[in-house]
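# Coordinate inspection notes
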Amino acid sequence: MARIIVVTSGKGGVGKTTTSAAFATGLALKGFRTAVIDFDVGLRNLDLIMGCERRVVYDFVNVINQEATLNQALIRDKRCDNLFILPASQTRDKDSLTTDGVERVLNEMGETFDYIVCDSPAGIERGATLAMYFADDAIVVTNPEVSSVRDSDRMLGILASKSRRAESGAEPIKEYLLLTRYSPERAKLGEMLSVDDVQEILSLHLLGVIPDSKAVLNASNSGAPVILDEKSDAGQAYDDAVRRYLGEDVPHRFINLEKKGFMSRLFGG
């Protein structure tokens, strides 16, 4: 059976869909057959980030309602044969997602995939709670600001109490912290929380720190997950995070200020 990963947060706009796209792509590039599902019914952004919006014919709700087969709705990524996208519906509401329907689709996918990444909407509405309910692992995405961290802390409580694993008394969901839009310079000036501050509040295993980078916006606008931009700092940081998730011992980068050389200090570079 597939390992189900939910990418979640309490606050919107922290980079969940960017993370879902990058993380799923990273797993697929490592040779794992991977699917990424958009649980944000009514909005649907994952297909834009993945660059497959023109290829959407059937969606997640169509499969739940048995109006289309899973095979009809899944979109194979053009850049990676191991990667598939299941888009959300733009014309239905979030009540279209049912517990039984989501479970049936995930069970069917679990027969052929190694990993299923669930791109959760923000908050605690139905799409978000269902994305979390069946998870084995949770990547909690947060920005280094107090409101984002506070909302993420609330999501940890829900993950611990309202998941299928919690209900059945099984091993708890494995929780990981992914800190996005981080700037060591601004953290040093006290304009945002430091990595240590966030870890002290949330007490989670640090999966990765994604630097505040123009590469993320450029990738989103071009319809390509940022992890494919191997030269960018954000692309490298996401690749590091995937490798850590898979058990590699990868040192953290982009956390500390780079030390300037003598000439840079001399000329103010």
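Okay, so let's go over this structure. (Residues numbered from 1 in each chain as written. Predicted model: local features only at pLDDT ≥ 70, side-chain atom pairs only at ≥ 80, totals over all residues. Heavy atoms only, no water.)

Further remarks concern the pairing of strand β2 (residues 34–38). With five of five residues buried, β2 is to be regarded as a mostly interior element. Judged by which residues are buried, β2 turns out to be covered on both faces: Thr 34, Val 36 and Asp 38 on one side and Ala 35 and Ile 37 on the other are all buried. Note: β2 against strand β4 (residues 83–86), four bridges, orientation parallel. Note on β4: the bridge partner recorded for Thr 34 is Leu 83. (Buried < 20%, exposed > 50% of the residue type's maximum accessible area, 1.4 Å probe, protein only. Helix = DSSP H or I, 4+ residues; strand = E, 2+ residues; numbered from the N terminus. Pairing = 2+ DSSP bridges.)

Structurally, Gly 10 can be placed in the loop between β1 (3–8) and α1 (16–29). Classification of Gly 10 as buried rests on a relative accessible area of 15%. It is 17 Å that separates the C-alpha atoms of Gly 10 and Asp 38, two residues lying 28 residues apart in sequence. When residues no more than four places from it in sequence are discounted, the contact partners of Gly 10 are Ala 122, Gly 123, Asp 151, Ser 152 and Met 155. (Contact = heavy atoms within 4.5 Å.)

In this structure the tally under the stated criterion is 13 salt bridges. Ionic pairing is found between Asp 239 and Lys 30, a salt bridge with its closest N-O pair at 2.8 Å. With Asp 239 in helix α12 (residues 233–245) and Lys 30 in the loop between α1 and β2, the pair connects residues that are 209 residues apart, well separated along the chain. According to the relative accessible area criterion, Lys 30 is partly exposed, its value standing at 34%. Between Arg 44 and Asp 47 there is a salt bridge, with the nearest N and O atoms lying 3.4 Å from each other. (Salt bridge = Lys/Arg side-chain N within 4 Å of Asp/Glu carboxyl O.)

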